[in-house]
Amino acid sequence: MTDAARPGADDLAGDYASAGFGRTLEWGTSPAVIVIDMVRAYFQPGAELYMGSRDCLESAARVVEAARTGGVPVLHTRVSYGPGGVDGGLFFRKVAALRHFVADAGGDLGEIMPEVAPRPDELVLVKQYASAFFGTSLSATLAARRIDTLVICGVSTSGCVRATAVDAISHGYLPVVVRQAVGDRDPRPHHSSLFDLAAKYAEVYDEAETIDRLKGTPP
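Rules and cut-offs
- Each chain has its residues counted from 1, running along the sequence as written.
- Where local features are concerned, this predicted model is filtered to residues with pLDDT of at least 70; where side-chain atom pairs are given and counted, the filter is 80 or more; whole-chain, interface and lining totals use all residues.
- Here the side-chain values reflect all heavy atoms present in the structure, with hydrogen atoms and water set aside.
- Helix and strand definitions here come from DSSP, where helices need a minimum of 4 consecutive H or I residues and strands a minimum of 2 consecutive E residues; each element is numbered from the N-terminal end.
- Radius of gyration: over C-alpha atoms. The globule rule applied is 2.2 Å multiplied by the number of residues raised to the 0.38 power.
- Only protein chains enter the area calculation, which uses a 1.4 Å probe; residues under 20% of their type maximum are buried, those over 50% are exposed, and those in between are partly exposed.
- Here a residue-residue contact requires only that any non-hydrogen atoms of the pair lie within 4.5 Å.
- Charge assignment: positive for Lys and Arg, negative for Asp and Glu; neither His nor the chain ends contribute.
- Here the site of a charge means atom NZ of a Lys, CZ of an Arg, CG of an Asp or CD of a Glu.
- Expected span of a helix: the number of residues minus one, times 1.5 Å.
- In what follows, salt bridge is the name for a side-chain nitrogen of Lys or Arg lying within 4 Å of a carboxyl oxygen of Asp or Glu.

Caption draft 1: Inspection of the overall build of the chain at higher detail. When helices and strands are tallied, the chain shows seven helices and six strands. Compactness check: the chain gives a C-alpha radius of gyration of 17 Å against a globular reference of 17 Å for 219 residues, within 12% of the reference. Principal-axis analysis of the C-alpha atoms gives the chain an extent of 50 × 40 × 30 Å. Within the chain, buried positions represent 48% of all 219 residues. Contacts in the chain between residues at least 24 apart in sequence constitute 78% of all its contacts with a sequence separation of at least 6. Counting 21 positive and 27 negative side-chain charges, the chain places the averaged centre of each group 4 Å from the other.

The structure is reproduced here in C-alpha cells:
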C-alpha cells in the first residue's frame, strides 16, 4: 500500500478535533515490540488469507531489527486451535479461513515468516481470538517487565492489530501502531482503522520515527 491518504493524528480535524479526540499520548520509557500473526497464510500467494502485498512484512522486519539493536524486547503472536477449532468459539465459526490454523490441519500456513522469525529468547504467544491480550499471558508479561509502551506491527489492521491496540490502552499500556508495518487485504478498513485508532485508542507512528526511538535516537 502507498503512503497516500494514510490517516493519522494530523488528519483529525473538524468534528473530531473539536470533540477532543486525537490528543497525543507521550511515548514511555520502557517499550516493547509485538509482532502480530505475521504468518505464512497472509503472505503466500494462492493462500486463502493472502493479503496481496509484503510491504508491511518488510517494514515490520526493519522495526524488529531496530528493536533488537536498541535492546527493546520483541514478542510475537500466532494463532492455533485444537481439534476442529474446539477452543475457537464463535470467532472460529464466524471466520471460515481460521480452519487453516487448526493444529492438525497440515501445511505450514501458521508458521511465522522468516523475515520476523522469533529468536530463541523471544516469547511467542499462541492465541485463539483477535486480541493478543485475550486468553494469553501478555498483560502479565508486560507488567512483570515494567513495559509501558507497546509498539504494534502485524496483520490485519482492522482485526487483530486494532483489537490488540484497544486492549493495550484498556490495560494501561500506550499502544503505538506503526503505519507501514501493519496491513490489511483491503485499503478501506486499513485506512479507517488507522484513523479511528489515532483518534481514540493509540498513537500512529511512521516507521522511520519508530525506528529512531527504538534505537534510542532522541526525537
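Caption draft 2: Just helix α2 (residues 55–69), in detail. Here α2 spans 21 Å end to end across 15 residues, near enough to the 21 Å set by a 1.5 Å rise per residue. By the burial criterion, the buried members of α2 are Cys 56, Leu 57, Ser 59, Ala 60, Val 63, Val 64, Ala 66 and Ala 67. Looking one or two residues beyond α2, the residue adopting positive phi is Gly 71, at roughly 70 degrees.

Caption draft 3: Unusual backbone geometry, seen in detail. At the junction of Val 155 and Ser 156, the peptide bond is cis and its omega measures out at -15 degrees in the coordinates. Topologically, Ser 156 is positioned in the loop between β4 (149–155) and α5 (157–170). If you check the backbone angles, Asp 37 has positive phi at about 55 degrees while not being a glycine. Inspection of the secondary structure puts Asp 37 in the loop between β1 (31–36) and α2. For Asp 37, a relative accessible area of 1% gives the class buried. Despite not being glycine, Arg 146 has its phi angle at roughly 60 degrees, a positive value. Along the chain, Arg 146 falls in the loop between α4 (138–144) and β4. Relative accessible area serves as the criterion here: at 65%, Arg 146 is assigned to the exposed category.

Caption draft 4: The pattern of salt bridges, seen in detail. According to the stated counting rule, one finds eleven salt bridges in the structure shown. In this structure, Arg 99 and Glu 48 form a salt bridge, with 3.0 Å as the shortest nitrogen-oxygen distance. With a gap of 51 residues between them, Arg 99 in the loop between α3 (89–94) and β3 (124–127) and Glu 48 in the loop between β1 and α2 connect regions that are remote in the sequence. Judged by relative accessible area, Arg 99 falls into the partly exposed class, the value being 41%. Here Arg 62 and Glu 207 are joined by a salt bridge, their closest N and O atoms 2.7 Å apart. One end of the pair, Arg 62, is in helix α2; the other, Glu 207, is in helix α7 (residues 207–214), and 145 residues separate them in sequence. Judged by its relative accessible area of 12%, Glu 207 falls in the buried class. Put simply, Arg 162, Asp 196 and Lys 200 are held in one network by salt bridges that share partners.

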